[in-house]
Number of protein chains: 2
Amino acid sequence: MANCIIAQSGGPTSVINSSVVGLLEANNKLGVFNNVYAGLNGIEGILNGNIINLSSFSQTEINNFRYTPSSGLGSCRYKMKKLEESTDEYDRLLEILKANDIKAFFYVGGNDSMDTIAKLSYYAEKTNIDIKFIGIPKTIDNDLMYTDHTPGFGSAAKFIATTVLETYLDSSVYINNGIFILETMGRDTGWLASAASLAKMNGKQVADFIYLPEVAFDVDKFLMDVKAKFEEQNQVYIVVSEGIRTAEGKFVAESNAQAHDKFGHAQLGGVGLFLKNLIISSGITKRVKSLELGVLQRCAMHCASNIDLEEAYEVGAEALKQASLGKCGYMIGIKRESNTPYTSSYFLVEANKIANNVKYFPTEWINEEGNNLTPEAVEYLEPLVSVVPTVVSTSKLPEFKVFNK
Amino acid sequence: MANCIIAQSGGPTSVINSSVVGLLEANNKLGVFNNVYAGLNGIEGILNGNIINLSSFSQTEINNFRYTPSSGLGSCRYKMKKLEESTDEYDRLLEILKANDIKAFFYVGGNDSMDTIAKLSYYAEKTNIDIKFIGIPKTIDNDLMYTDHTPGFGSAAKFIATTVLETYLDSSVYINNGIFILETMGRDTGWLASAASLAKMNGKQVADFIYLPEVAFDVDKFLMDVKAKFEEQNQVYIVVSEGIRTAEGKFVAESNAQAHDKFGHAQLGGVGLFLKNLIISSGITKRVKSLELGVLQRCAMHCASNIDLEEAYEVGAEALKQASLGKCGYMIGIKRESNTPYTSSYFLVEANKIANNVKYFPTEWINEEGNNLTPEAVEYLEPLVSVVPTVVSTSKLPEFKVFNK
C-alpha cells in the first residue's frame, strides 16, 4: 500500500476543507492508501516540499477542520508552464511524489486547477509514471462546465439570499426610504447574484432588480428603471454582479478596477459604489447605500448550507474511490437526480474539458428586460440552499482548525 | 382595562422586535391591558394615526416577528420640539393616545428616544394626564449610560467576532499574504470594534491591531506598527472603528472625501478604504483589502446571540410590569449579576439620565500603545455572545414577518 496526497488551489470557499475530510475518511474506511498526505499551499508548496501527513491528526482536529471555512491547507495561484515550454516543474513534482511513494494526487480547485490536473495526467501517462491525478471541484462562482453545480456555491448562495433579506428589512424601516445596492462576486458569471432571487417576503421576491454579466448593462435603461420604481414605491432594492459589462464588453466598474491578477483576470469590485454615485448624480435621490459583500461570500461558514457541505465531503470521497479504480485525468462532477426531494449523484468528466472553460448563467433564465430572473432560476437554486449544520450553530464562537498556520 | 402602545425609533438592531414580543406576551400573561397597540414608524407614525393592534395577530405571525431583524414596526428619526418652543406636538400626541384609551406608552430606542420619553413623561405629569411613559433600550452601539449593555449589542458583537475569524482565515491562505482591514460601525464609541478581540485561533487573538475612537489615532505610529508587523509575519489583520479621530478631534476618514473617480464623483468610502490607500501609498505592500461590514452588523439575525435575544425579550416584559406598577419616565436597565454562569437582572433608570449622554469604551481596557485591548475587554464581552437560536439555524431561509410593509 502506497500513499496519496491532496492539495487546495485558487480562491477559498466555506466548504473546501470538507472535501479533504471526505477523502481522508473514505480512505480510513476503504484502506486504499497507507497515508493521506496534504500539500500545503497547493502545487507551489509541494514543489517546496511542504507536505504534512493528515492521517496523523486526531479525530477532533479533523472534525474542526471539516467545519472551518477557507483553504485550511493553504492555497496558491500557481500556473504551471506549458509542457512545450519546459517540463522541469513537472519532473520535479513527479520526483517529489515518487520520493513519498505517492500513487494518487488530488487537487481541489476551479478551472485553473483542472488545467493542472489535465497537464499532469497527460505528462505522467506520456512518461509512463503510474500516479493517478483527480480533480475535486470547488468554486463559489459555480462556473465549471458539465457539473450541475460546484461545492462552495450553495453556501455562498445561502449567505447572499439571507443577507439580501436582512438588508432589505434594514433599508425599509422609515417612511421615506432610499435605494439599496448589494454587490456580489462572480466574475464573468451571474450565478452568485442570481441567488438573491431566493430572498422573499410573503412569497414575493424582495429584490426589485438583479443584474448579471450575461446581459449587457445599459446605463440609461438602468436609471429609467430605478427612477420609475423609486417613484412607485419610494424604495428600491438592487442586486448587481461585480462583472456586469456594457454592450461594448467593457466592465461597468472598470474605472474602479485597478489591477489584474497573475492569470490576467481583472480584479473586480466597486460596481455597487459606481452605481450609487450614478444614481445620486442623476438626481433620483441622495439616499443611496451600497454594500459590497466581498470575501464574506466565500468564508461565511456561520451561514453555510448543509447540503453543500455534504456534497463537498462526498466529492472528496468519490475522488478517492475513482483513483482506487485506476481513473486518471478526471474531475468529479455532480449530477442532479431530483429536486423534491433533492438528490444527486457523482460522475467523471475529463479535466481538460473543464479547464479554461466557463459555464455562464443561462440567458433564458433572465427576463426580457434584462433586469430580473425567471422562476426557472429559483427552481434551480432552491434545493442547494439548506439549513446551517448543527455543529456550527450550536457553538458560541467556532473552534476552527487549519494546517497552514 | 385600558390599552397600551409600543413603537420603535432610531437605527434597527437584530433583536429590537423581540422586545415588542416580550412586552406583548407579558401582557397576555398578566392581563394588564386590553390591547397592545403598535405605532408604526415611531412617534412620526403615531402623529399620523398609523396604529395597529398587535393583540389581533396570530401566534405564528408573532413568533416570526420575534426572530425578524430590523424595526418591524418601522422607525423614525423624529426629534420632538423643545417644550419651551411649542407644546403642539405633545398635545396632539396625547390626544391620539387618549382617543385610543391608551394608558402606557413604550418606546424602544437609544438616547434620542429616551429624551422623548423624558419630555413626554414630564409634560404628561405637568398637565395631569395619567399615561405612563417607559423606555426600552436598544442600540448595537452599546453606548447608553447606566445599563451594563444594550440589547442589540451582543448579536452585533457575535456577528463581528465571527466575521473577523472567517475573514482572517480567508486572508491567510497564500504563502505571501497581504493586509486585511475590517471596518465596524459604532459612531463615537469603540464597543463594536472591541468585539473583534473575541476572535481567537488556538487561544490567540487573530486581530493584530484594534483601533477605537476613545484613543487619538496617530497615522505615523499606525504605519510604523503595520510595517513592523507585516515584516514580522507577512500578514496583518486590522480592525478599525468608523469613528476614529486624530488628536485634533477630526474624523480620520474625513480627508478621504478628496478622492475622486475619473468622472469627478467623490469616492466616499469609510475609514477602512482610507487606511487601505494609506498603506498602499506608504509602500508597505499593495496587497491590501478592506471590508466595511456596514448595516449587516445591525441586521444579521442569522448570526444573532441567543442571550441578546432573550434579554431583549425580557426588557420588553419588564417595561410592561413597571408600567403596571405605575412607574413613569424611566428606562429599563440591565445589571450584570455574574459572569460564570452569566446572569443578569433589570432595574429602572431615569430616562433623562440616559438622554443626550454617551457611554464610552473604558480607556483602561485599551493597551498603552492604543492599538489593542486588555483582557478585561474580553471578560466583559464574552458572556454576551452566545449560540444562534435554534429557530433561526434550522430554517433553510428565514420566514420573516414585519408590520410596516
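Here is what the cut-offs are and how they apply
Residues numbered from 1 in each chain as written. Chains lettered and ligands numbered in written order. Predicted model: local features only at pLDDT ≥ 70, side-chain atom pairs only at ≥ 80, totals over all residues. Heavy atoms only, no water. UniProt positions renumbered as here; feature names shortened; annotations may be inferred. Salt bridge = Lys/Arg side-chain N within 4 Å of Asp/Glu carboxyl O. Helix = DSSP H or I, 4+ residues; strand = E, 2+ residues; numbered from the N terminus. Buried < 20%, exposed > 50% of the residue type's maximum accessible area, 1.4 Å probe, protein only. Contact = heavy atoms within 4.5 Å. Buried area = accessible area lost by both parts, 1.4 Å probe. Polar contact = N/O pair within 3.5 Å; in protein donor to acceptor, adjacent residues only side chain to side chain. 1 Å grid on protein atoms, 1.4 Å probe; cavity = no way out; pocket = protein on both sides within 12 Å on 5 of 7 lines; lining within 4 Å. Points joined across faces, edges and corners; volume = space filled by probe spheres on them. Pairing = 2+ DSSP bridges. Axes fitted to C-alpha atoms, helices over the stretch in contact; angles between N-to-C directions.

Going by what an unreviewed UniProt entry lists, chain A is known as Pyrophosphate--fructose 6-phosphate 1-phosphotransferase and is assigned to Clostridium celatum DSM 1785. Per UniProt, chain A has the following entry under Catalytic activity (unreviewed entry): "beta-D-fructose 6-phosphate + diphosphate = beta-D-fructose 1,6-bisphosphate + phosphate + H(+)". As its UniProt record puts it under Subcellular location (unreviewed entry), chain A is described as follows: "Cytoplasm".

Residues and elements named next belong to chain A. Tallying each qualifying case throughout the model produces 31 salt bridges over all chains. Residue Glu-369 pairs with Lys-221 through a salt bridge whose shortest N-O separation is 2.6 Å. With Glu-369 in the loop between α12 (351-354) and α13 (375-381) and Lys-221 in helix α8 (residues 219-233), this residue pair connects regions lying 148 residues apart in the sequence. Glu-369 sits in the partly exposed class, given a relative accessible area of 49%. Residue classification places Lys-221 among the partly exposed positions, given a relative accessible area of 25%. Between Lys-335 and Glu-337 there is a salt bridge, and its shortest N-O distance comes to 3.6 Å. Of the residues examined, Glu-337 reaches a relative accessible area of 42% and is grouped as partly exposed. One continuous salt-bridge network, built from bridges that share partners, spans Lys-221, Asp-225 and Glu-369.

Moving on, we get to the interface of chain B and chain A. By a frequent convention, interface size equals the accessible area lost on bringing the separate parts together. Contact residues are listed per partner, giving 69 residues for chain B and 68 residues for chain A. Summed over both sides, the interface of chain B with chain A buries roughly 5,300 Å², with 61% coming from carbon and sulfur. The largest per-residue losses of area from chain B upon contact with chain A belong to B:Glu166, B:His302 and B:Lys396, which jointly make up 12% of the total buried on that side. Taken together, the links from chain B to chain A amount to two salt bridges. In this assembly, chain B and chain A are joined by 26 residue pairs in polar contact (both at pLDDT 80 or more). By residue number, the principal contributor to the side of chain B that touches chain A is helix α6 (residues 153-170) of chain B, which donates 11 residues.

Per the stated rule, a full pass over the model turns up seven cavities of 30 Å³ or more. What the largest cavity holds in volume is close to 110 Å³. Considering the residues around the largest cavity, the lining is formed by 13 residues, among which A:His302, A:Val392, B:Lys158, B:Thr162 and B:Val388 are closest to the centre. Ranked by residues supplied to the lining of the largest cavity, first place goes to α6(B) with three residues.

To continue, consider the sheet that holds strand β10 (residues 236-241) of chain B. Residues and elements named next belong to chain B. Within the open sheet, the four strands sit side by side as β9-β10-β6-β11. Their pairing is parallel. Two strands in the sheet have a free side with no partner beyond their single neighbour: β9 (209-211) and β11 (288-292). This sheet shows a mean twist of 15° between the axes of neighbouring strands, independent of strand direction. In this sheet, β11 lies alongside strand β6 (residues 179-184) in parallel orientation, the contact comprising five bridges. Within β11, the residue paired with Phe-180 across the bridge is Lys-289. Sitting on the sheet, helix α8 (residues 219-233) touches β6, β9 and β10, and the angle it makes with β10 is about 150°.

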